[in-house]
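The lines below spell out each chain.
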Amino acid sequence: MKHLVLFVWLLFISEAQSLEIIAGDFTELNGFGVPESDKLGGGPLVNINTYGKRHKRSKDGGDKEEDHTDDQIVIQSYKVKSIITSRFAETVFSTKVHNKESSAQNVEFNLRIPKGAYITNFTMTVNDITFVGSVQEKNFAKRLYAEARAKGKTAGIIRTNGPEMENFKVDVNVPGGSKISFELHCQELLQRRLGFYEQIIILQPGSLVKQFQVDVYIFEPQGITYLEAPNKLGAQFDGLIHITKGENKAHLTFKPTVDQQRKCPGCPDTAIDGSIVVKYDVKRELNGGTLQISDGYFVHFFAPINLPPLLKNIIFVIDVSGSMWGIKMKQTVEAMETILDDLRPQDQFTIIDFNHHVRFWNQHLIPATPVQIADAKKYIQKIQPNGGTNINEAILSAIRILTEADSHGLLDPRSVSLIIMVSDGDPTVGEIKLSTIQRNVRRQMQEDFSLFCLGIGFDVDYDFLERIALENRGGARRIQANVNASSQLKDFYEEVATPVLRKIDVHYGGENVTDVTQNSFDKYFSGSELIIAGRLTSKDPSILQSLVSASSASNELQFEVESPTDELDKILAKHQYVLPHFTKQLWAYLTIRQLLAERALAQSSIQKRNITSRILTLALVHHFVTPVTSMLVESEETGQRLLADSPRDTRNGCCTGTPVIGKKKPPTLFPKQPDLISTAPPEQATGVIESQIKPVTSVDNDPHFIIHLPKSKQVICFNIDPQPGKILSLVSDPIQGIAINGKIISGKKAKNKKLNTYFGTIGLHFTKLNLSFEISTEKIRLKDGNHKTFLQWSENAMLTHASFVVRVKKNSNVIITMGEDMVFLILLHRVWKNHPTNVDFLGFYTPPTNKFSASVHGLIGQFTHEPEVNVYNLHASLDPSKPQATMEVKGHKITVTRGLQKDYRMDAVNGTNIQCWFIHNSGKGFIDGHFKDYLVPHLHSFLERP
C-alpha cells in the first residue's frame, strides 16, 4: 500500500526583518514503503540542507580556505551533547549557520529523535530574533498559533512518525549576511534490551562543518561493566571516536577536523553520513535490584542475573495472506528457522498460519525436539502466501490450544505461555471490526497467557496490535519491511526467549512513599529491566526499603532492598556532567508513558478524559511535548510564533505509550502501598528461626567445634587444624541422602607463628530432592535439578520451594529450612578488606532437633545420637581459670579442660562465650577415629566408612 505524502507549507514574511520561515513534510518513500530517512535505523539525526546558489570556483580551481565549501551557507558548528544519568538521557542538538551571500537562502533544520524521547525545549535565533519554546496544552497552543497566523506572523514545525523515529523539521529562509542557530532538547529513558543499553546518534550534516563535535557523558552510580562505541561512519574515521571510562562514568567524544570530514583530500563534500552507537551495561550486585533516591524521588532498577529460565509454551501465529508475498514471507521464514533452532527441548510449541483460513502444523503443543524442529521448518518452507487476513480466528485458535493443554494438565504450572503473531495487514476476512476482535480475545485469553504482536510494514494497523497486546500482558513491535526484517524478528524473539520470573510484585514500606508507578509485572525476561519510580513525602525516611517477590523456575523468591535517601544527592553534587534532577524527570517520563498506554485501553470516554487530564498536568509541569501537549515557539520582539505539534503518523495518527514487554494489563497508577512490616521481611523471619535453634551444635572460627549433648547436659569443644584446600565431612547421612561438607581456607599469613584455617565454603547436598547448595563467602548457589539460582550476600532475600525455604540476611547469615524436619544456619564473618592476617569465613550451626537417620555420621553428624559422657576428677590446672577433669566417652579416658568458646549467632563480631569441656589433639578420643578420616574429595561427597 503506497502512502499519500502530505506537504504543508506555511509561510510568513516579517515586515521588519524580511524573515521567511517554511515548514514542510520532507518524507520520501523508498521501494519498500519506508521513508528514506529511516534507512539508518533508530537514533537522533541532525541534518542541514541548504538551497541557494553555489560559490564560483577560483581561477585555480581551489576554494578559499576559510569557506571549506562552495555553498553560500556555511555551517559554523554542528554539536550533539548527550548526558546520561542512570539510563535517563538528555540530548541537546545545536547548529549555527551563516548565510554569506547577499541574497536570502533556505536552510532546513532536520532532526530525527527516538519515538521514546520527549522534546522539552526548542530555541531558534535568526538575525538576532530569538524564538523560545514553551510547552502548552495542545488546544491552547493551537489557539495562540491561530491568532498569530491571522496576523501573518506564524510558521509551522512538522513532525512525522517513522517506524522507530520521529522526524522534526524546520525550514528557514535566511536573509543575506545573517546568521541562524537552532537548539533542541529532548529526554528519554534508555531501555535495556538483550543485556545492554543503546544510544544511536545519526550524523548527516550534509556539508563540511567548521566546528563538529559529539559528546556523550555517562554516569551510572552502580558502575559501568561494559562499554563500546563501534565506528559506523566508515574506515576513514577509525580512531576518531575516543572513549574515556572510569568505574562509574564515561565520556565519548567525536571531533573531526574539516580535513578529516572530507570524502577525499580537497573534496568539498563531507564523508560523515552514518551513526555513532553507544552500547553499555551496568554492574548488578543485587538480584533485588538497585534503589536510587534523589531530589525527593526514587527509581528502582530491577534486572536479576544468574536465574534459571522458565519453561515456555509458545505458539507462533503467522500471517500468510497475499500481502505477505515476496520479501516479507521470505524473511519471516528465514527468521522462523533461526527462532525454532533456539527453542529448548523442554519447551513446547506449535505453528499456526492463516489467511482467510486457519491451518495448523500441529493442533497440540509438541516438545521442541530436534525431530519436531526439523519437521516444523519443512512446514514453514512450503508456505505460499495468498488470500485474505482472518486475524480473529487465528488468535482465538492459539488461545484454544493453550487452554486445552492447560485443562489437561499439560502445562507446567511454572511455565510461561506465549502467543507471538506476525502480520502485515488489517483483518479482511471473518470478524473485521477491531473492537470486536479485541473483545473476543480479551474474553477468551487466560490470565497466564500473553500475546505479542509484530506488525510488518506500514499497512498494518499498529495501534490496534499494540492495544490488543497490552491488554493481554504482552507487547507490540513494528517491523520495518526491508532487508533487515528477518534480523528484527529474530531480535524481538531473543528479547522474550528467556523468561526467568513470573508474577513480580514490588512494594515499598510506610507512608513515606506515594505515586508509585506500575509495580506489578507479569513476566521478566533475561536481558531486560523492570523500572519502578515513585515520590517520597515531606517526611522523608533516612532509609527506603523495598520488598520484591517473584516466582522462578522452581521457587518463590523474595528480596529486600534498602538504600539511604540522602547519599545520591551528595554524589551527584560532585560531578559536572550529570542530570541532578534525573529521578524527578524519570518518574514523570515513566508515569506519562504508562498513562498513555492506560489511556489507549480505556473503556469509556470519562476514563479517557480523566487519564488525559493527568497526563496534561504532568507534561506541563515537567515540560514534555506529548500527544496532549504542544510546543509553542515564539519571539517576544516580533510576536511571531511557530507550533511544534504532535507528530503525524503516516498510517494511524499519534502513537500511544511504549509498552514494557511482559507487563500486566496497566493498572490504575499510584495504588496504596502496603506496609513492609506486615510482609514479614527476611530479617524478621531470620530472628524467629535463630531463637528456635538453641542450643545448637556448631563449627566456627579456626575451626572450633561446639557439641551440645542435651542428655548429659554437657557442652564439648575441640579444634581441628587441617590443611587449606581440604574438605571435611560435617554431616553424612546416606539413608536420608544428606551430605554436608566444608572446604578449608587459610588466613593471609601466620599470626603468633600459627596460620589460622577456616571454612570458606559449605556444601549441602540432598540426593532425594536432587538439590544442592554451595555457600561461599562470595555467593550463594542453589542447584535444583537442572535449575541454578544465585543469591547474593549483599541483599536480604527469601527463596521458597515446596520442599525448602532459604532466607538470606544481608551480610549476616543464610538459614535453610527443609520442611518441618531440619534447619541449618550458615553464618558469614566479614573482616576488614585490608586486614593483615584475617580473611572472610563461614560458620555452620545445626540444632539437635534435626531428624537424621541412625546411620548419620561426620564430624558433627555422629553426635546426633548422643554418646554417654561421664566427667569427674575435677582439679586445678596450671591456669587457675581453666580447671581440668577426666572424661569417659566411647571407652576412652580423656583429660579435658574447662574453658570458653564463641557462639557467633547473636553477635557475629564479638560472639557469645560458651562454657565447654575442651578436648585436645583435634578431638582425639571424642570423635570416631582420626580427623583425617573425615576428609572427602568433593563438597557433595558422602563419607566412606570402613
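Residues numbered from 1 in each chain as written. Predicted model: local features only at pLDDT ≥ 70, side-chain atom pairs only at ≥ 80, totals over all residues. Heavy atoms only, no water.

### Quick notes on the pairing of strand β39 (residues 727-733)
The criterion, for reference: In this scheme, a residue with accessible area under 20% of its type's maximum is buried, one over 50% is exposed, and one in between is partly exposed, where area comes from a 1.4 Å probe on protein chains only. Secondary structure elements follow DSSP: runs of H or I no shorter than four residues count as helices, runs of E no shorter than two count as strands, and numbering proceeds from the N terminus. Strand pairing is assigned whenever DSSP identifies at least 2 bridges connecting the two strands.
Summarising burial for β39: seven of the seven residues are buried, a large majority. Relative to strand β40 (residues 738-746), β39 is paired through six bridges, and the arrangement is antiparallel. Bridging across to β40, Asp733 finds its partner in Ile738. Connecting the antiparallel pair β39 and β40 is a turn made up of four residues, with Gly737 showing a positive phi of about 75 degrees.

### Looking at the packing of helix α5 (residues 391-407) against helix α6 (residues 434-444)
Basically, it comes down to this: A fitted line through C-alpha atoms represents every axis, and for helices the fit uses only the stretch in contact; the resulting angles, taken between N-to-C directions, go from 0 to 180 degrees. Angle categories: roughly parallel below 35 degrees, roughly antiparallel above 145, roughly perpendicular from 65 to 115, and oblique for all the rest. Any pair of residues with heavy atoms lying within 4.5 Å of one another is described as a contacting pair. Three classes are used: nonpolar for Ala, Val, Leu, Ile, Met, Phe, Trp, Tyr, Cys and Pro, charged for Asp, Glu, Lys and Arg, and polar for all others, with Gly counted as polar.
Closest axis-to-axis distance for the α5/α6 pair is 10 Å, and the angle between their directions is 0 degrees. Viewed along their axes, α5 and α6 adopt a mutual orientation that is roughly parallel. Residue-level inspection shows Asn392, Ile395, Leu396, Ile399 and Arg400 of α5 in contact with α6, the latter providing Ile437, Asn440, Val441 and Gln444. Counted by class, the contact of α5 with α6 contains five nonpolar, three polar and one charged residues.

### A word on the pattern of salt bridges
Close approach of charged atoms allows side chains with opposite charge to pair. Put simply, the test is: Here a salt bridge means any side-chain nitrogen of Lys or Arg lying within 4 Å of a carboxyl oxygen belonging to Asp or Glu.
Across all of its chains, the model carries 29 salt bridges by this definition. Salt-bridge contacts for Lys328 lead to Asp424; the nearest nitrogen and oxygen are separated by 2.8 Å. Within this pair, whereas Lys328 is found in helix α3 (residues 327-342), its partner Asp424 is found in the loop between β24 (416-423) and α6, the two being separated by 96 residues in sequence. The partner of Glu471 in a salt bridge is Arg442, with the nearest N and O atoms 2.9 Å apart. Taken together, the positions of Glu471 in the loop between α7 (462-470) and β26 (476-479) and Arg442 in helix α6 put the pair 29 residues apart, joining distant regions of the chain. Connected through salt bridges with shared partners, the residues Arg87, Arg192, Glu220, Asp281, Arg284 and Glu529 form a single ionic network.

### Quick word on the nonpolar core
Convention followed: Definition of nonpolar core: a set of buried residues of the types Ala, Val, Leu, Ile, Met, Phe, Trp, Tyr and Cys, connected through side-chain atoms within 4.5 Å.
One finds Ile504, Leu764, Phe773, Ile775, Phe844 and Phe926 to be the most contacted residues of the largest nonpolar core, which totals 83 residues. The greatest single-element share of this core, amounting to five residues, is contributed by strand β27 (residues 499-508). For Phe773, the contacting residues outside a window of four places in its chain are Ile762, Gly763, Leu764, Phe766, Arg781, Leu782, Phe804, Val806, Ile816 and His940. Counting 59 residues, the second largest nonpolar core, distinct from the first, contains Ile180, Ile201, Val214 and Tyr280.

### A closer look at the environment of Ser486
Looking at where Ser486 falls in the secondary structure, it is placed in helix α8 (residues 485-496). For Ser486, a relative accessible area of 4% gives the class buried. On a C-alpha basis, the gap between Ser486 and Glu334 in space is 6.4 Å, while along the polypeptide they are 152 residues apart. Sequence-distant contacts of Ser486, defined by excluding residues within four places in its chain, comprise Gln331, Glu334 and Ala335.

### Some remarks on the confidence of the model for the chain
Rules: Each residue gets a pLDDT score, which is the predictor's confidence in that residue and runs from 0 to 100.
Averaged over all residues, the pLDDT of the chain equals 84, while 86% of them reach at least 70. Every residue in residues 665-693 scores below 50 in pLDDT, and together they form 71 contacts with partners more than four places removed in sequence or on other chains.

### A few points about a positive patch on the surface
To keep it simple, the criterion reads: Note that patches include only residues with greater than 30% relative accessible area and no salt bridge, and the join distances are 9 Å for like charges and 5 Å for nonpolar side chains (Val, Leu, Ile, Met, Phe, Trp, Tyr). Accessible areas in this description were obtained via Shrake-Rupley with a 1.4 Å probe; residue shielding takes into account the shown protein chains only. Under the counting rule used here, the positive set is Lys and Arg, the negative set is Asp and Glu, and His together with the chain ends is not counted. Here the site of a charge means NZ on Lys, CZ on Arg, CG on Asp, or CD on Glu.
A contiguous patch of positive charge on the surface is contributed by Lys79, Lys96, Lys179, Lys210 and Lys255. Tracing the sequence through the fold places Lys96 in strand β5 (residues 88-99).

### Some details on the state of the cysteines
For clarity, the cut-off: By convention in this document, the label disulfide applies to cysteine sulfur atom pairs within 2.5 Å.
All chains considered together, the criterion is met by two disulfides. The residue that forms a disulfide with Cys264 is Cys267, at a sulfur-sulfur distance of 1.4 Å. Given the relative accessible area of 14%, Cys267 is considered buried. Note that Cys717 is cross-linked by a disulfide to Cys916, the S-S spacing being 2.0 Å. Judged by the sign of its S-S torsion, about -125 degrees, the bond between Cys717 and Cys916 is left-handed. Of the two residues, Cys717 is situated in strand β38 (residues 714-719) and Cys916 in strand β53 (residues 912-919); the sequence distance between them amounts to 199 residues. Residue Cys717 is classed as buried on the basis of its relative accessible area of 0%. Sequence-ordered numbering of the disulfide-bonded cysteines in the chain gives the connectivity 1-2, 3-4.

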